[in-house]
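# Fold and contact review
One letter stands for each residue in the lines below.
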Amino acid sequence: MEPKWSNTVCKRVLLTGFTLCVVFVTLPTSAIDIHADPEVIVQNGTTGVLRCTFKSSEVVSSVTSVTWYFQSSQPDNQFSKAPYVIYYFSNGKGFPGPVEFKDRVQFVGDINKRDVSIQLSPTQFSDNGTFFCDVKNPPDVQGTQARTELRVVLKESLPQSNTALIVGIVCGALLLLVVIAVAACIAMRVLHNRHDYEG
């Protein structure tokens, strides 16, 4: 009888252990995943969009909140010592931060689509620094803030697009192929005509 009892106990222990493993592995984690562009370069005086999206296992609701912070990269700037809240969004409403950003920051995302991007217009050289995007979607409240380095530059300093150069190279290569094909056709006709004449 003892071996039979031991087998039953072993099977129950194994089944309980397996069930606990399945439960713990399939439980949703209360962590939020936040993404932003690592770097944004904009011309001084224009509009800059700071994109930020998030992934959460919870449904977006009125308790979902978004906070944007800014820390200047310029040592003499008042925002250089620590990140300051420049925009807060909760319960469908936005609350701008300090007067330096109040009339220039606008929410351009769609929180229901998990897009919490903001727009900064017009950009100023004093905006050079790091912008942090933080989202809380209870119970998903644990997560690392996403960060974007904003570089406000003169128009001459903007990186030039290579699109025109690439298009020019492709067109030049195609033209060269056409010229080679035409030259090959002419050479073949000349050789063919010469062969007919000699024959």
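Just above, that's the structure.
In short, a report on the structure. Keep in mind that this is a model prediction, so the values were computed, not measured.

The 3 strands are arranged S3-S9-S8 in an open sheet whose pairing can be described as antiparallel. Each edge of the open sheet is held by one strand with a lone partner, namely strand S3 (48–50) and strand S8 (105–107). Strand-to-strand twist across the sheet, computed as the mean angle between neighbouring axes with direction ignored, equals 25°. As paired elements, S8 and strand S9 (residues 118–120) share 3 bridges and run antiparallel to each other. The partner of Gln-106 across the bridge, within S9, is Gln-119.

Applying the stated criterion to the full structure yields 4 salt bridges. Across the salt bridge formed by Asp-127 and Arg-104, the nearest N and O atoms sit 2.8 Å from each other. Here the residue Asp-127 occupies a position in the loop between S9 and strand S10 (129–136), and Arg-104 occupies one in the loop between helix H2 (99–102) and S8, the gap between them amounting to 23 residues. Since its relative accessible area comes to 1%, Asp-127 is described here as buried. Overall, Arg-104 belongs to the buried group, its relative accessible area being 9%. Among the ionic pairs, Lys-136 bridges to Asp-134, the shortest N-O distance being 3.5 Å. On the basis of relative accessible area, Asp-134 is assigned to the buried category, the value being 8%.

Bringing the state of the cysteines into the picture now. Tallied over the full model, the rule gives 1 disulfide. One disulfide in the model links Cys-52 with Cys-133; its S-S distance is 2.1 Å. Handedness here is read from the sign of the S-S torsion; for Cys-52 and Cys-133, about -85°, the answer is left-handed. Of this pair, Cys-52 sits in strand S4 (residues 52–55) while Cys-133 sits in strand S10, and the two are 81 residues apart along the sequence. We classify Cys-133 as buried; its relative accessible area is 1%.

Another aspect to go through is the side chain of Ser-65. Looking at where Ser-65 falls in the secondary structure, it is placed in strand S5 (residues 65–72). Taking the relative accessible area as the measure of exposure, Ser-65 reaches 9% and is therefore buried.

What counts, and at which threshold
Residues numbered from 1 in each chain as written. Predicted model: local features only at pLDDT ≥ 70, side-chain atom pairs only at ≥ 80, totals over all residues. Heavy atoms only, no water. Pairing = 2+ DSSP bridges. Helix = DSSP H or I, 4+ residues; strand = E, 2+ residues; numbered from the N terminus. Axes fitted to C-alpha atoms, helices over the stretch in contact; angles between N-to-C directions. Salt bridge = Lys/Arg side-chain N within 4 Å of Asp/Glu carboxyl O. Buried < 20%, exposed > 50% of the residue type's maximum accessible area, 1.4 Å probe, protein only. Disulfide = S-S within 2.5 Å.

From the geometry alone we can't say anything about function, so treat these as descriptive.
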